[in-house]
Amino acid sequence: QVQLVESGGGLVQAGGSLRLSCAASGRTFSSYVMGWFRQAPGKEREFVARISWTGGNTYYADSVKGRFTISRDNAKNTVALQMNSLKPEDTAVYYCAASARLASETAGYDYWGQGTQVTVSS
């Protein structure tokens, strides 16, 4: 099992940047693919980005490609999401999640954090 705790959310103006972090418990962090998802009010949770076990493979949703960067540090059991050029439509609760495979769908992830709010003002 792995427990996930996100941090780093907040309020930022459009065009600004935020860096989200997710700390994982347990000694098997490197055995999980890590992903970031988000959920805006009244909308379904959607995929944002994922990173493979060693960090050598990353994949992004088209809506964030070129603006967001996912990274991980297996020595520190952390995964981060650097978000640049933020837009009002990026406003959502952001979740990190862990999967045993290279999944991009919500159902493919077994463990979830509690989420952190990101609000982008126009």
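The structure we're discussing is the one just above.
Reading the values: the criteria
- Residues numbered from 1 in each chain as written.
- Predicted model: local features only at pLDDT ≥ 70, side-chain atom pairs only at ≥ 80, totals over all residues.
- Heavy atoms only, no water.
- Pairing = 2+ DSSP bridges.
- Helix = DSSP H or I, 4+ residues; strand = E, 2+ residues; numbered from the N terminus.
- Axes fitted to C-alpha atoms, helices over the stretch in contact; angles between N-to-C directions.
- Buried < 20%, exposed > 50% of the residue type's maximum accessible area, 1.4 Å probe, protein only.
- Disulfide = S-S within 2.5 Å.
- Polar contact = N/O pair within 3.5 Å; in protein donor to acceptor, adjacent residues only side chain to side chain.
- Contact = heavy atoms within 4.5 Å.

As summarised here, the arrangement of the 4 strands in space is S1-S3-S8-S7, forming an open sheet in which the pairing is antiparallel. What marks the edges here is a single partner per strand, and that holds for strand S1 (4-7) and strand S7 (68-73). Strand-to-strand twist in this sheet, taken as the mean axis angle between neighbours without regard to direction, amounts to 15°. Relative to strand S3 (residues 18-24), S1 runs antiparallel, the two being bridged by 4 bridges. Across the sheet, the residue bridging to Glu 6 is Cys 22, located in S3.

The backbone of Asn 77 sits at a positive phi, close to 55°, despite the residue not being glycine. The buried category is assigned to Asn 77, whose relative accessible area is 16%. One non-glycine residue, Ser 85, lies in positive phi territory at about 50°. Mapped onto the elements of the fold, Ser 85 is located in the loop between strand S8 (78-83) and strand S9 (92-99). The exposure class assigned to Ser 85 is partly exposed, which follows from its relative accessible area of 40%.

Moving on, we get to the state of the cysteines. Should the sulfur atoms of two cysteines be covalently bonded, the bond is a disulfide. Going through the model one piece at a time under the given rule, you end up with 1 disulfide. A sulfur-sulfur distance of 1.9 Å marks the disulfide that ties Cys 22 to Cys 96. Note on the Cys 22 and Cys 96 pair: the S-S dihedral is about 40°, so by sign convention the disulfide is right-handed. Placement of the pair is Cys 22 in strand S3 and Cys 96 in strand S9, with a sequence separation of 74 residues. As far as burial versus exposure is concerned, Cys 22 and Cys 96 are alike and both buried.

Attention shifts here to the side chain of Arg 67. Looking at the element boundaries, Arg 67 is found in the loop between strand S6 (58-60) and S7. Within the structure, Arg 67 has its side chain in polar contact with the backbone oxygen of Ser 85 (distance 2.9 Å). Arg 67 has contacts with Gln 82, Met 83, Asn 84, Ser 85, Leu 86, Lys 87 and Asp 90, leaving out every residue within four places of it along the chain.

For Val 12, the location among the structural elements is in strand S2 (residues 10-13). Owing to a relative accessible area of 13%, Val 12 belongs among the buried residues under this scheme. Setting aside its immediate chain neighbours within four residues, Val 12 contacts Ser 17, Leu 18, Leu 86, Thr 119, Val 120 and Ser 121.

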